[in-house]
Amino acid sequence: MGIRTVADKQGAGEEEGVTGLAATYERLADKELPAALGFSARLNMLFDLAAVLPPQNAGRVTAMLTLNEQWRESDVRQWLQKDVLPPRLELHNLVKFLVARLEGRHDPQQWEAFLVYGSPVVSSPVNHVLYREDQNRKNIATMIFARITERYNIAPSSYDAEEVFQRCLTFMQKMNIYEMRDFQPGHMEPFKNFLFPQE
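Below you will find a few notes about this structure. (Residues numbered from 1 in each chain as written. Predicted model: local features only at pLDDT ≥ 70, side-chain atom pairs only at ≥ 80, totals over all residues. Heavy atoms only, no water.)

## Here's the deal with the environment of S158
So, point 1. Counting through the fold element by element, S158 comes out in the loop between α7 (128–151) and α8 (161–174).
So, point 2. The exposed category is assigned to S158, whose relative accessible area is 52%.
So, point 3. For the pair S158 and F196, spaced 38 residues apart in the sequence, the C-alpha separation amounts to 9.6 Å. (Helix = DSSP H or I, 4+ residues; strand = E, 2+ residues; numbered from the N terminus. Buried < 20%, exposed > 50% of the residue type's maximum accessible area, 1.4 Å probe, protein only.)

## Some points on the packing of helix α2 (residues 39–50) against helix α5 (residues 88–99)
So, point 1. Relative orientation of the contacting elements α2 and α5 amounts to 35°, with a least axis distance of 10 Å. Residue-level inspection shows F39, L43, L46, F47 and A50 of α2 in contact with α5, the latter providing L91, L94 and L98. (Axes fitted to C-alpha atoms, helices over the stretch in contact; angles between N-to-C directions. Contact = heavy atoms within 4.5 Å.)

## With respect to the packing of α2 against helix α6 (residues 108–117)
So, point 1. Two elements in contact, α2 and α6, have axes separated by 7 Å at closest approach and are oriented at 140°. By the angle between their directions, the pair α2 and α6 is classed as oblique. Two secondary-structure elements touch here, α2 through F39, R42, L43, M45, L46 and L49 and α6 through W111, F114, L115, V116 and Y117.
So, point 2. Looking at side-chain class alone, the contact of α2 with α6 contains ten nonpolar, no polar and one charged residues. (Parallel < 35°, antiparallel > 145°, perpendicular 65-115°, else oblique. Nonpolar A, V, L, I, M, F, W, Y, C, P; charged D, E, K, R; others polar.)

## Structural notes on the packing of aromatic side chains
In this description, a pair of aromatic rings is defined by centroid distance and the angle of the planes.
So, point 1. For the coordinates displayed, the defined rule picks out seven aromatic pairs.
So, point 2. Here the aromatic rings of F171 and F191 are separated by 4.8 Å at their centres, their planes lie at 80°, and the arrangement is edge-to-face. A residue pair is termed long-range when its members are at least 10 positions apart, and F171 in helix α8 and F191 in helix α9 (residues 188–195) qualify at 20 residues.
So, point 3. For the ring pair F183 and F191, a centre distance of 5.3 Å and an interplane angle of 80° mean the geometry is edge-to-face. Here the two residues F183 and F191 agree in accessibility, since each one is buried.
So, point 4. Among the aromatic residues, those joined into a ring-pair cluster are F171, F183, F191 and F194.
So, point 5. Here R42 stacks its cationic end above the ring of F114, 6.0 Å away from the centre of that ring.
So, point 6. In this structure, R151 is placed above the aromatic ring of Y152, and the distance from its NZ or CZ to the ring centre is 5.5 Å. (Phe/Tyr/Trp six-rings, centres within 6.5 Å; stacked < 30°, edge-to-face > 60°. Lys NZ or Arg CZ within 6 Å of the ring centre and 35° of its normal.)

So this is what it looks like as structure tokens:
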């Protein structure tokens, strides 16, 4: 089987017709950008590593507004808590600012891509020592994940594990759960509803 040339592809496109190509494009197109699950957790981790603002549960949203007077509190809260991406230029400049405060050499572009897509799509730019705190959060998320699925008898075949895991990290942050002892019996139902929303 030979390699298709540009001319071959153009010919195929002509056979399909402009209308057909447009229909295919429309069928494949997303109506909105996919959610960047885990973005807020990764952004807060970068803030923690840069050590420029108070912790998430101690006024980070308000403190972040001092970086740019044009930012609105509702927008900043969504960036830090709701996995909503800032506008591209704002994200670029914010990452550039934070990475400049990290020890060692770091690539701002890799950090920017990591914040948006996470691993394994983008390899983590954080070395093992700096990543221990985040790894601890992942371990806690894993235990919570296991408790929820066991308690409510949720079959593994009924969900996307990576998506639910990222939801767990996001909700942990929203509920200010940083250690396993922070997770109380009363959290079970809210976590179950957030991790496995009814369609």
